[in-house]
Amino acid sequence: MRRWIAIAMWALCTATAVHGQPTAYTTTPPAHAEILPGYTVEAVKTRLDTSPIDQVEGIWEFPDDCTTLVVERLDDSRFSSQFRYRIVLLDAENNRSAIPGTVMGYIVPTAQSDKMYVWLYSGIEDEVFAHPVKCAATLDSDCSVLTFTKPTMKLKIRMNLARLLPTLFKGLSVSVEPQTPGHPLGFRKIYPADNIGIPHQIIYL
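First, a word on scope: everything that follows refers to the structure included in this document. (Residues numbered from 1 in each chain as written. Predicted model: local features only at pLDDT ≥ 70, side-chain atom pairs only at ≥ 80, totals over all residues. Heavy atoms only, no water.)

## Overview of the nonpolar core
- Ranked by internal contacts, the top residues of the largest apolar core, which has 44 residues, are Ile87, Tyr106, Ile107, Leu146, Phe148 and Phe187.
- The contact partners of Ile107, leaving out residues within four places of it in the chain, are Val56, Val71, Gln82, Phe83, Arg84, Tyr85, Ile87, Met116, Tyr117, Val118 and Leu146. (Core = buried A, V, L, I, M, F, W, Y, C linked by side-chain atoms within 4.5 Å. Buried < 20%, exposed > 50% of the residue type's maximum accessible area, 1.4 Å probe, protein only. Contact = heavy atoms within 4.5 Å.)

## Digging into the layout of surface pockets
- Looking at the largest pocket, its volume works out to about 220 Å³.
- Lining the largest pocket we find 13 residues, and of these Tyr39, Arg47, Glu57, Glu72 and Arg73 sit closest to its centre.
- The set of elements that each furnish at least two residues to the lining of the largest pocket consists of helix H2 (41–49) and strand E2 (67–73).
- In the lining of the largest pocket, the residues fall into six nonpolar, one polar and six charged. (1 Å grid on protein atoms, 1.4 Å probe; cavity = no way out; pocket = protein on both sides within 12 Å on 5 of 7 lines; lining within 4 Å. Points joined across faces, edges and corners; volume = space filled by probe spheres on them. Helix = DSSP H or I, 4+ residues; strand = E, 2+ residues; numbered from the N terminus. Nonpolar A, V, L, I, M, F, W, Y, C, P; charged D, E, K, R; others polar.)

## Quick look at the pattern of salt bridges
- For the structure on display, the rule yields six salt bridges.
- With a closest N to O distance of 2.2 Å, Glu61 and Arg188 form a salt bridge. Taken as a pair, Glu61 in strand E1 (residues 58–62) and Arg188 in strand E10 (residues 184–191) lie far apart in primary sequence, 127 residues in all.
- Given a relative accessible area of 41%, Arg188 falls into the partly exposed group.
- Connected through salt bridges with shared partners, the residues Glu34, Asp76 and Arg78 form a single ionic network. (Salt bridge = Lys/Arg side-chain N within 4 Å of Asp/Glu carboxyl O.)

Written as structure tokens, this is what we have:
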């Protein structure tokens, strides 16, 4: 019950922000993950098949933790233009309590088309994913693998660890300080297959 109350409260706050005075996320994403409706693999595939997409967009898997996600273009006036994409959960085999439609993070492109930053939520707060951390990421030459550097943090205060991506976030804590990066991890693109291997292009306005 506590879980669903927290989700309902967050949805109410989100609706207020969207329809009321916009909240600007200029340099960092929201402190807590949003939960969006209508995110099934079938529904997402339909949207991808009927919309123009670039090489970052599509369905990806995080094989280390058997998690399936969609990367999609972010069209939300609350965010600055640097937040070009969001990462949304579709399925988590190892965590059936995870809710499809949970925003797991955001992607910020750079001037180099194969280099970007990935923001991923690293913890749980009131049953909602929270505490985004920033990782440097690289898109490979055929646009099928997005690797990023595992953030290594200095422990200050312990917290509930992320249950969704334990391989990535094992040992993180609240009030953290970045230190030396760990080994690369990444997402592997699985859909649509027909735009894997086409050169990646980003148009900057």
